[in-house]
Each structure stands twice: as C-alpha cells, then as structure tokens.
Amino acid sequence: MNDPAVTLPFPREPKYGQAEKDAVLKLLDEGHLSEINRGPATNALEAAFARLTGTRHALSFNSGTASLHAALHAVGASPQAGVAVSPMTWVSAITAVFQAGSYPVFCDIEPDSPNIAPTAVAEAAPACSAVLATHTWGIPARMDQLAKATGLPIVEDCSHAHGALYQGRAVGSWGAAGCFSLQESKSVSGGEGGILTTTDREVYERALTLGHHPARLAAELTLPELKPFATTGAAYKYRMPAVSAVIARQQLRSLPDRMLAAEQNLATLRKVLEECDAPVTWPSIGELSVRGWYGTPLTINVRVPDPAELSKQLKAAGIPVRSMYEDWTQAPLLQRPDLAARFWPHLARSPYRPPTIDALPNFHKAMRQMIVLKVPQLLAPDYMEQVAEALAAVLVRTLVTA
Ligand SMILES: *Cc1c(COP(=O)(O)O)cnc(C)c1O
C-alpha cells in the first residue's frame, strides 16, 4: 500500500528580497554601519516596532537574548526572588534570568496550550520578582489572566510572535516589557538582532543603561537615578548593527502579507485534517487574537507510545515539522548550581532549586503529544493539502493502529 507523502517542495520566497538588498547597498554607499547614538537605521526600526506594538518606546539590541537580559534587569529581577519561567521556550529565555542576576522558577504550561499557566504562576509568585512569558510557537499567552494571577512585572518573550495580537491588542504591549528576537529563523529577521518594547519610561531608560553607548545615554537619560550611568553605561555592548536594522525594517513591511498567507494555509490544513477525522486538537486562541508564526503547534489526542518514532515517520513522509526544544530543566547547567555559579557567582548562594523530572506534568505530556508544523508564508493550498493527507496517514498508521 502506498501511503500519501509530500512530494511538492516547501513553498518559499528567498528569505531576503530586492528591498533588503537595496537597503543594505544604500547603507554601504552612505558608509555608516555603526550607529552609536540613535541613527537613521535603528531609529526607523525602533519607530516601526513601537507602531507595530502600540508602545511608546522600542529599543534595539544585537540579539533577542540581549533584549531579555536588559528587560529583566529593567523590571528589577532580584537575586533573592526568582523569575517565573516556562520550560517550553528557547533556552536563553531561561538562562537570561541567570544573566540578569536572578534564577528561574519553572512553572508548568497550560493543559491546552504551549504557554505558561496562570495558575502555576499564581502559586510561584510569592517567591518571585518577575514573570517571563513566552508566546510559544506563536500562540499568544493569556496575558490578562497572567496579570490577574500576580502583581509582578511581566516580560513577554515575543520571539515566536511578531505581529500577533492577544484579544485585539499586540503582544509586546501587555507586559512591563516585550522582547523580540530578530534572529534569522524568526518571522522578522535582521540576520541577528533584538527589540525591546515598553511604554514605561523607567523600564526603557534602565534597559538603555545596560547595553547602549554613552552617546545615546547622554542624549536620552532623564531619570536622576540613572544619570550617573550616562558617561559609562554598563559593561555590555548590546547595540544593533545598522545592517541588521535596515534588513529587519524591510522584513517588517512584508510581515502582514506573510501572516495572512500562513493563516490561510493553516485553514486549508485544518479543513483537510477535519475531513480525515485526524485525532488532533489545536490550541484555541480566541476570536480577537491573531497568532504569530514560528511553526504552529497541534496536539495529538491519542497516546503517542514512541515520540521519536513518530517524528521519524513524519519526516520520512516529508511533513515539515519543527524539532521540539530539549527539556532544558534536565540539562546540566540547570541541574547543577555549581556549574551555573562558574558564570553567575550569585548562584553559589541562591535559593535556586533545580527542578525534578516529575515537577511539570503538562509540559512532559506536551513533549510527547505535541508537534509543531512549519507553515509556508506564501499561499500554497496544494502543498497544504498534501501535508494534511500525509499527516493524517502517518497518525493512523503509527498511532491509531498501534
Ligand atoms: C530565538 C529566541 C530567543 C533568543 O533570541 P536570539 O536573537 O537568538 O538571542 C529567545 N526566546 C525565544 C522564544 C526565541 O525563539
């Protein structure tokens, strides 16, 4: 018997088009690739991100990780009280907490989404100084419920969710600060880069002092408490290269069209999977919410006896799946404070407790039952139908009959 497989190539445009090339050439012609103050390239990108998120300020960094470090510093992450984090995220959304002088307190995810659970955050809050919430795989975290669960400042990691809305309002505008990676795999790329969004002037200025040039600090710092840092800043050099800024600015222009195409492609996929009665459920994001794109997650409703085998079968059938993240909670750096203390000496005397293997049941279940599909950002109904049919066949073959 011949099972359906995906034979069409993954539909994609070149990652960087003519607009990006023109912008880079123009920059080279002008002869300025480093903007120590707020120059034209970073200024244009920051303004565009402030518009995208509806925040008063946007601040550029040379990576998403740097923006997380700055945001956690800015909201006052403390060495004595941890930062509530999700295990289902990129590792630097965990290790940035160490870098900011605090320690992670792992909270379980929701049973029906890949995001940190407000109930778990409420439980952890008394021992925490901040919350770091990733909009994982583009699914907006339940920001209103997280805010209700705790009075702590929330940093949003929007690295999977550029352009996403939660209940009609942009991600990156709900918390005390939003952080966006512009690393190449993200849906807005500068090659490398990061953006911090906030409406809180104090958060903005504190984030500035951490990684920006004294020229910019002298021009922008207004808070008396921060003025002493104007001549030196701190030791971190976190500003964004102008080349990254002009590329990301162009990527932001094409984002709405790409999001719309991905949304339509997902609708095609879902329709075919429903027709096949495939045993899957989708995280519900609510009517006024719009997802972002870094793959999209779905949950398999029947028990997956062997996730590695399933992953092998999916790949063999040509289904475009993203690898799930590691279980970072069990990595040596997170399990052994003596190792972490080599980089961050405050961990030698910290309340940090490594998480046990059974502490996060929803997370561990999702690691077995969830898959993340890469969805093309240009319209591709034929391709999506192939993916859906191949996916349904793999599920029937490896699970329902297993
Ligand atoms: C990519 C990513 C980061 C880190 O961003 P870099 O730009 O690579 O430093 C942080 N958090 C999440 C969720 C990411 O996907």
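These numbers were taken from a predicted model, which means no experiment stands behind them.

### Observations concerning the UniProt feature "modified residue: N6-(pyridoxal phosphate)lysine" (unreviewed entry) in the protein chain
In the numbering used here, UniProt assigns the feature "modified residue: N6-(pyridoxal phosphate)lysine" (unreviewed entry) to Lys186. In this structure, Lys186 sits in the loop between strand 8 (177–181) and strand 9 (194–198). Residue Lys186 is classed as buried on the basis of its relative accessible area, which comes to 9%. When residues no more than four places from it in sequence are discounted, the contact partners of Lys186 are Lys15, Ser159, His162, Ser181 and Tyr294.

### A few points about the domain arrangement of the protein chain
Many structure descriptions define interface size as the accessible area lost when the parts assemble. Taken domain by domain, the protein chain holds domain 1 (18–251) and domain 2 (255–325 + 363–400). Here the C-alpha centre of domain 2 lies 28 Å away from the C-alpha centre of domain 1. Both sides together, the interface formed by domain 1 and domain 2 hides about 2200 Å², and carbon and sulfur atoms give 66% of it. For the pair domain 1 and domain 2, the interface holds 0 salt bridges. The interface formed by domain 1 and domain 2 includes 11 residue pairs in polar contact (both at pLDDT 80 or more). Residues of the side of domain 1 that touches domain 2, tallied by class, amount to 13 nonpolar, 11 polar and 4 charged.

### Focus: the packing of aromatic side chains
Per the stated rule, a full pass over the model turns up 14 aromatic pairs. Consider the rings of Tyr325 and Trp328, whose centres lie 6.3 Å apart with planes at 40 degrees: the pair is tilted. Each member of the pair, Tyr325 together with Trp328, is buried. Note that Arg169 overlies the ring of Trp174, its terminal NZ or CZ placed 4.4 Å from the centroid.

### Side note on the site of the ligand
Lining the immediate environment of the ligand, one finds 16 residues, of which Gly64, Thr65, Asp157, Ser181 and Lys186 sit closest. A distance of 2.6 Å separates a nitrogen atom of the ligand from a polar side-chain atom of Asp157. In this structure, an oxygen atom belonging to the ligand sits 2.9 Å away from a side-chain N or O atom of His160. Summarising the interface, the protein chains cover 92% of the accessible area of the ligand, which totals 380 Å² for the free molecule.

### Describing the nonpolar core
Leu72 and Leu132 are the most contacted members of the largest nonpolar core, which totals 70 residues. Split by domain, this core shows at least three residues from each of two domains, domain 1 (18–251) and domain 2 (255–325 + 363–400). In this structure, Phe180, Val246, Ala248 and Ala380 belong to the second largest nonpolar core, which totals 56 residues.

Reading the values: rules and limits
Residues numbered from 1 in each chain as written. Predicted model: local features only at pLDDT ≥ 70, side-chain atom pairs only at ≥ 80, totals over all residues. Heavy atoms only, no water. UniProt positions renumbered as here; feature names shortened; annotations may be inferred. Helix = DSSP H or I, 4+ residues; strand = E, 2+ residues; numbered from the N terminus. Buried < 20%, exposed > 50% of the residue type's maximum accessible area, 1.4 Å probe, protein only. Contact = heavy atoms within 4.5 Å. Domains from an automatic or database assignment. Buried area = accessible area lost by both parts, 1.4 Å probe. Salt bridge = Lys/Arg side-chain N within 4 Å of Asp/Glu carboxyl O. Polar contact = N/O pair within 3.5 Å; in protein donor to acceptor, adjacent residues only side chain to side chain. Nonpolar A, V, L, I, M, F, W, Y, C, P; charged D, E, K, R; others polar. Phe/Tyr/Trp six-rings, centres within 6.5 Å; stacked < 30°, edge-to-face > 60°. Lys NZ or Arg CZ within 6 Å of the ring centre and 35° of its normal. Near = heavy atom within 4 Å. Areas by Shrake-Rupley, 256 points an atom, 1.4 Å probe, with all protein chains shown as cover. Core = buried A, V, L, I, M, F, W, Y, C linked by side-chain atoms within 4.5 Å.

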